[in-house]
Structure formats: C-alpha cells, structure tokens
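Each chain, written out:
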Amino acid sequence: MSSADIAVKTFLELEPEDLRVLQAIELAMAKHAHVPEAKIPKLANLNREETAFRTTRLQKMRLIRGWHGPYVGFVLNMAGYDALAINALVKADVLQAFGKPLGVGKEADVYEALTPKNKQVAVKFHRLGRTSFRQTRRKRGYIAERMHTSWLYQSRLAAEKEYEALKLLHAQKVAVPKPLAQNRHTIVMSMIDGAEISEFDDVPDADKILKEILKNLHAAYVKANIIHADLSEYNIILQPNGRILIIDWPQYVKRNHPNAEFLLERDLRNVLGFFKRKFNVDFGFEKALLYVKKEH
Ligand SMILES: Nc1ncnc2c1ncn2[C@@H]1O[C@H](COP(=O)(O)OP(=O)(O)O)[C@@H](O)[C@H]1O
Ligand SMILES: [Mg+2]
C-alpha cells in the first residue's frame with residue numbers, strides 16, 4: 001500500500017484533534033529530528049492524556065512513527081504529510097473524494113479525485129528524498145544534521161516548482177495539464193486522458209505528432225522561458241484525440257540557467273531518438289534545435 005493509499009483510507013476517520021497533533025509534529029520537525037512527546041501538548045493545544053491518546057491512534061493509522069531514544073519522540077510519515085495536504089485541499093473546497101491511482105512512480109504518486117462540483121482532477125503527491133534518505137542512513141550509519149526534514153522540504157519544493165511551471169506554461173497555451181491548486185508536496189491539475197507515448201508501438205502520423213511536440217517545446221522556450229529538463233517518451237502523453245500533452249515539470253530550468261543549453265539539447269535528443277527508434281521518423285537534431293529556439 002502506498003502512503004497516499006494509507007492517507008486516503010484513514011483521512012475520513014481523522015478528527016480535529018488528530019489533525020492538530022499532525023500539524024504540531026509537522027511544525028516541530030523543522031527543529032527536531034524526532035519531535036519530543038513533551039512538546040506536543042502545547043503546540044497542539046491539547047492536554048497530555050489527549051495527546052497520548054492521539055499519538056497512539058496516529059501510529060496505528062501509520063501516519064506518524066514513534067521513536068524511543070533518550071526521550072520519546074515522533075516523526076511524520078509520508079502518509080501523515082499526505083493526510084495534511086489532503087485535509088487542506090478538502091478545506092479549501094478543491095477536493096471532495098479520491099479515486100484510483102493513475103500512476104505510482106519513483107518520484108510521485110498520482111491519483112484521480114473529484115472536486116465538490118464532481119469534476120475529475122488528478123492529484124500528484126511528490127515524493128523526493130526517500131531513497132537518498134535511506135541510502136544515507138545505510139551508508140554512513142547516521143543521519144546528517146537537517147536530513148530529517150529533507151524529504152518533507154524537497155517534496156514540497158518539487159510541488160511548488162512544478163505548479164509554478166504549469167502556471168507559466170498554461171498561460172502561454174503550451175499543452176500541459178491545467179494547474180488547479182497546490183498544497184505542501186501536492187498539486188492538483190486537470191485530469192488527462194491517454195497514455196505515455198512510450199506505450200505505443202504504432203501511431204498514425206508520427207511525424208505530425210513530433211512536430212506538435214517541437215511546437216510546444218518552442219512555445220515553452222520562447223514564450224515561457226522554460227526548458228523541461230526531464231523530457232522523454234515517458235513524460236509525453238498521447239491523448240485519444242491524437243493531441244499530445246507534456247507532463248512532469250518539477251525539474252524545469254529557465255533559459256538563463258547555466259546548463260540551459262545542455263538540458264535543452266538532452267531533452268531534444270531523447271525525443272528525437274525515441275521517434276527515430278520507434279516510429280522511424282528522423283527530423284534531424286540541428287533542424288529541431290533551430291526550430292525550438294527560433295525567436296518569433
Ligand atoms: N494530469 C494527469 N492526469 C492523468 N494522469 C496523470 C496526470 N499527471 C500524471 N499522470 C500519470 O501519472 C504518471 C506519473 O506522473 P509524472 O508527472 O510523470 O510523475 P513521475 O514520473 O515523476 O512519477 C504519468 O506517467 C501519468 O501516467
Ligand atoms: Mg514522469
């Protein structure tokens with residue numbers, strides 16, 4: 001079960017006191033690798049007995065994890081962070097219900113969800129720092145100072161960055177999902193239909209599809225000032241209507257980034273290489289590069 005599964009399943013059972021304890025732990029994690037149990041009552045504005053009851057409950061729900069060292073402490077699990085984001089988005093009238101997973105990947109879990117107006121949307125939970133966190137612990141046998149908040153911080157930063165990119169791109173009519181809301185490590189965007197172009201063995205008009213991709217990369221580059229920087233056949237969606245969408249933008253860079261040129265060229269080589277290999281369409285690298293950078 002992914003952490004979002006846990007959060008979605010337990011979310012409806014959460015009471016205001018549970019949420020206050022989760023929020024208190026989230027807040028104190030900026031300072032403590034393990035939030036001392038003794039600090040929670042004040043931060044959550046609950047008495048000690050109530051706090052103990054809530055932390056036991058939240059541990060059973062797998063939203064937090066206990067730690068027994070020189071003192072007793074707690075940390076938020078990824079599922080606890082998910083629950084806080086879901087709560088905020090529900091309170092803000094962005095989300096009403098969750099549906100099935102759309103894509104559970106290495107760096108994000110994407111779910112389908114419904115808005116209060118019954119519109120289908122996609123919710124992407126960013127997951128960063130999970131593996132590096134574990135590796136660091138395994139390799140060095142200790143957790144570096146501040147590492148405890150890194151997954152929280154990195155995941156939130158990725159969501160903020162992707163949301164920003166989607167807003168800039170969508171405003172310039174680049175073919176991306178429409179950004180709807182963001183909270184913590186989570187973004188809500190329009191639901192898209194279709195599949196990664198990597199999934200297709202054959203497409204009608206592959207050269208037209210490639211041209212449309214290049215047209216969008218051009219608009220992203222010239223109008224929005226943005227280079228994807230993680231582009232491949234896995235981040236290009238082919239919709240049933242034959243149009244494409246480019247997804248997964250948290251790694252984007254601006255044109256003035258020191259590696260901008262290198263990253264743009266790598267993006268292009270990935271896409272062109274895929275089209276040549278799979279659909280035998282050869283656009284030519286230099287021509288594609290000139291086209292994407294053309295200033296008008
Ligand atoms: N707006 C969306 N609507 C429907 N499915 C989506 C949407 N965004 C992403 N997905 C699905 O989730 C998968 C993972 O999303 P992506 O943004 O590429 O994150 P990552 O590759 O970092 O895990 C995508 O390949 C796609 O199948
Ligand atoms: Mg992806």
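1. A closer look at the overall build of the protein
Counting secondary structure elements, the protein contains ten helices and 13 strands. For the protein, the spread of C-alpha atoms along the principal axes amounts to about 70 × 45 × 35 Å. Across the 296 residues that make up the protein, the buried fraction comes to 50%. Roughly 15,500 Å² of accessible area belongs to the protein as shown, and the carbon and sulfur atoms make up 50% of that amount. Positive and negative charge centroids in the protein, built from 46 and 35 side chains respectively, lie 4 Å apart.

2. Description of the coordination of the magnesium ion (ligand 2)
Taken together, Asn235 (OD1) and Asp248 (OD) make up the full set of protein donors to the magnesium ion (ligand 2), lying 2.2 to 2.3 Å away. A residue pair is termed long-range when its members are at least 10 positions apart, and Asn235 in the loop between β10 (226-227) and β11 (236-238) and Asp248 in the loop between β12 (244-246) and β13 (253-254) qualify at 13 residues. Residue Asp248 is classed as partly exposed on the basis of its relative accessible area of 21%.

3. Here we look at the domain arrangement of the protein
If you check the domain split of the protein, you get domain 1 (3-189) and domain 2 (195-293). Look at where the C-alpha atoms of domain 1 and domain 2 centre, and you get two points 32 Å apart. Across the domain 1 to domain 2 interface the summed buried area is about 1,300 Å²; carbon plus sulfur atoms make up 67%. When the area that domain 1 buries against domain 2 is broken down by residue, the three leading residues are Lys161, Gln172 and Ala175, summing to 36%.

4. A closer look at the nonpolar core
Ranked by internal contacts, the top residues of the largest apolar core, which has 51 residues, are Leu169, Ile213, Leu214, Trp249 and Phe275. At ten residues, the largest contribution of residues to this core is made by helix α8 (residues 206-222). With residues up to four places along the chain from it excluded, the contact list for Leu169 reads Val174, Val176, Ala220, Ala224, Ile226 and Trp249. Core analysis: the second largest hydrophobic core is formed by 41 residues, Ala24, Val35, Leu76 and Tyr111 among them.

5. Digging into the packing of helix α1 (residues 3-11) against helix α5 (residues 78-91)
At a minimum axis separation of 8 Å, α1 and α5 run at an interaxial angle of 50 degrees. Regarding the angle of α1 to α5, the classification is oblique. In this structure, α1 crosses over α5, and the sense of that crossing is right-handed. Touching Ser3, Ala4, Ile6, Ala7, Val8 and Phe11 of α1 are Met78, Ala79, Asp82, Ala83, Ile86, Asn87 and Val90, all from α5.

6. Here's the deal with the sheet that holds β12
Here we have three strands laid out as an open sheet, ordered β9-β11-β12, and antiparallel in their pairing. The open sheet has two edge strands with one neighbour each: β9 (195-196) and β12. The sheet contact formed by β9 and β11 spans two bridges and is antiparallel. Paired with Ala195 across the bridge in β11 is Leu238. Contacts from α8 reach β11 and β12, with the element oriented near 35 degrees to β12.

7. Some remarks on the packing of helix α2 (residues 16-28) against α5
Where α2 meets α5, the axes come as close as 10 Å, and the angle between the chain directions of the two elements is 115 degrees. The hand of the α2/α5 crossing is left-handed. Facing Leu19, Leu22, Gln23 and Glu26 of α2, the residues of α5 in contact are Gly80, Tyr81, Ala83, Leu84 and Asn87. Per-class residue counts for the contact of α2 with α5 are five nonpolar, three polar and one charged.

8. Considering the site of ligand 1
The environment of ligand 1 is formed by 16 residues, the closest being Lys124, Ser190, Ile192, Glu196 and Asp248. Ile192 is positioned with one of its backbone polar atoms (N or O) 3.0 Å from a nitrogen atom of ligand 1. The side chain of Glu196 places a nitrogen or oxygen atom 2.3 Å from an oxygen atom of ligand 1. Elements supplying a minimum of two residues to the shell around ligand 1: β4 (97-104), β5 (108-114), β6 (120-126) and β8 (186-190).

9. Some words on the sheet that holds β5
Read across the open sheet, the five strands follow the order β4-β5-β6-β8-β7; overall the sheet is antiparallel. Of all strands in the sheet, those with a lone pairing partner are β4 and β7 (179-183), marking the two edges. Sheet twist, expressed as the mean angle between neighbouring strand axes with direction ignored, is 25 degrees. Bridge count for β6 against β8 is five bridges, and the pairing is antiparallel. Residue pairing for β8: Val123 is matched across the bridge by Val188. Contacts between helix α7 (residues 150-171) and the sheet are confined to β6, β7 and β8, with β7 contributing the most and set at about 160 degrees to the helix.

Cut-offs and rules
Residues numbered from 1 in each chain as written. Chains lettered and ligands numbered in written order. Predicted model: local features only at pLDDT ≥ 70, side-chain atom pairs only at ≥ 80, totals over all residues. Heavy atoms only, no water. Helix = DSSP H or I, 4+ residues; strand = E, 2+ residues; numbered from the N terminus. Buried < 20%, exposed > 50% of the residue type's maximum accessible area, 1.4 Å probe, protein only. Areas by Shrake-Rupley, 256 points an atom, 1.4 Å probe, with all protein chains shown as cover. Lys, Arg positive; Asp, Glu negative; His and termini not counted. Charge placed at Lys NZ, Arg CZ, Asp CG, Glu CD. Donors = N, O, S within 2.8 Å, 3.2 Å for Na, K, Ca; no water. Domains from an automatic or database assignment. Buried area = accessible area lost by both parts, 1.4 Å probe. Core = buried A, V, L, I, M, F, W, Y, C linked by side-chain atoms within 4.5 Å. Contact = heavy atoms within 4.5 Å. Axes fitted to C-alpha atoms, helices over the stretch in contact; angles between N-to-C directions. Parallel < 35°, antiparallel > 145°, perpendicular 65-115°, else oblique. Left-handed = near helix turned anticlockwise from the far one by under 90°. Pairing = 2+ DSSP bridges. Nonpolar A, V, L, I, M, F, W, Y, C, P; charged D, E, K, R; others polar. Near = heavy atom within 4 Å. Polar contact = N/O pair within 3.5 Å; in protein donor to acceptor, adjacent residues only side chain to side chain.

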